[in-house]
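Analysis of the macromolecular model
So the chains spell out like this:
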Amino acid sequence: MTQEQQDQQGPLGFNGHRHFTMDELATLQPGLAIFMPMIGDRWWNVYYAAKEANWVMAKFELGEAITLMQKGNQTRPRYADAINTFIEQDLGPVEAALGHEDFESFEAAYHNATRRANEYHDEFRKGYLVWKLPDHPNPQLDFTPRQ
């Protein structure tokens, strides 16, 4: 790339193979299609950690899921209001139940939040995306509490 081309395209990054414009780098940022499977895995882990009374792990996994949703807000701002409402209104009760280490209220809030997430999919014309809780814990993790 010539200096003139670089000046026209703005700041560049280099990955060891080629130069990238800022616009090219921006298009490489993941959207919700990339984040949602990761969020789903965290959400799955929240449930089974709480079921095993591993409250520390459940809170951690919920925090990681929320962080991923917030990253989605940055790359797909069209969904930001809905995601922020979901975090506040639907995940708030989940977080509170985890804080009280109360599985019964957690489970009700968890299933309600899952239902609401699927309703958001409907609202955004993606009703074919229906998340469900797997009937077994994630085999990659040990949910046994460690004190």
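Structure's up top.
This section reports on the structure supplied with the text. (Residues numbered from 1 in each chain as written. Predicted model: local features only at pLDDT ≥ 70, side-chain atom pairs only at ≥ 80, totals over all residues. Heavy atoms only, no water.)

1. Brief notes about the pattern of salt bridges
Counted under the stated rule, the structure contains eight salt bridges. E24 is paired through a salt bridge with R18; the nearest N and O atoms lie 2.9 Å apart. Where R42 meets E64, a salt bridge forms, and the shortest distance between an N and an O atom there is 4.0 Å. Of this pair, R42 sits in helix α3 (residues 32-51) while E64 sits in helix α4 (residues 55-75), and the two are 22 residues apart along the sequence. When its relative accessible area of 27% is taken as the criterion, E64 is described as partly exposed. Each of D90, R115, R116, E119 and E123 takes part in one network of salt bridges that share partners. (Salt bridge = Lys/Arg side-chain N within 4 Å of Asp/Glu carboxyl O. Helix = DSSP H or I, 4+ residues; strand = E, 2+ residues; numbered from the N terminus. Buried < 20%, exposed > 50% of the residue type's maximum accessible area, 1.4 Å probe, protein only.)

2. Quick look at unusual backbone geometry
The phi torsion at A53 lies on the positive side, around 60°, for a residue other than glycine. Take A53: its relative accessible area is 35%, and that puts it in the partly exposed class.

3. With respect to the packing of aromatic side chains
What describes a pair of aromatic rings is the distance from one ring centre to the other and the angle between the planes of the rings. A complete count under the given rule lists nine aromatic pairs for this structure. Arranged with centres 5.1 Å apart and planes meeting at 50°, the rings of Y47 and Y110 form a pair that is tilted. Of this pair, Y47 sits in helix α3 while Y110 sits in helix α6 (residues 103-123); the two residues are 63 residues apart in sequence, bridging distant segments of the chain. A single burial state applies to Y47 and to Y110, both of which are buried. When the ring of F106 is compared with that of Y110, the centres are 5.4 Å apart and the planes differ by 45°; the resulting orientation is tilted. Of the two residues, F106 and Y110 both sit in helix α6, four residues apart, roughly one turn of that helix. Both residues of the pair, F106 and Y110, count as buried. An aromatic cluster is built from W43, Y47, Y48, F103, F106 and Y110, whose rings are joined through pairwise contacts. Positioned above the aromatic ring of F20 is the side chain of R18, whose terminal nitrogen or guanidinium carbon lies 4.3 Å from the ring centre. (Phe/Tyr/Trp six-rings, centres within 6.5 Å; stacked < 30°, edge-to-face > 60°. Lys NZ or Arg CZ within 6 Å of the ring centre and 35° of its normal.)

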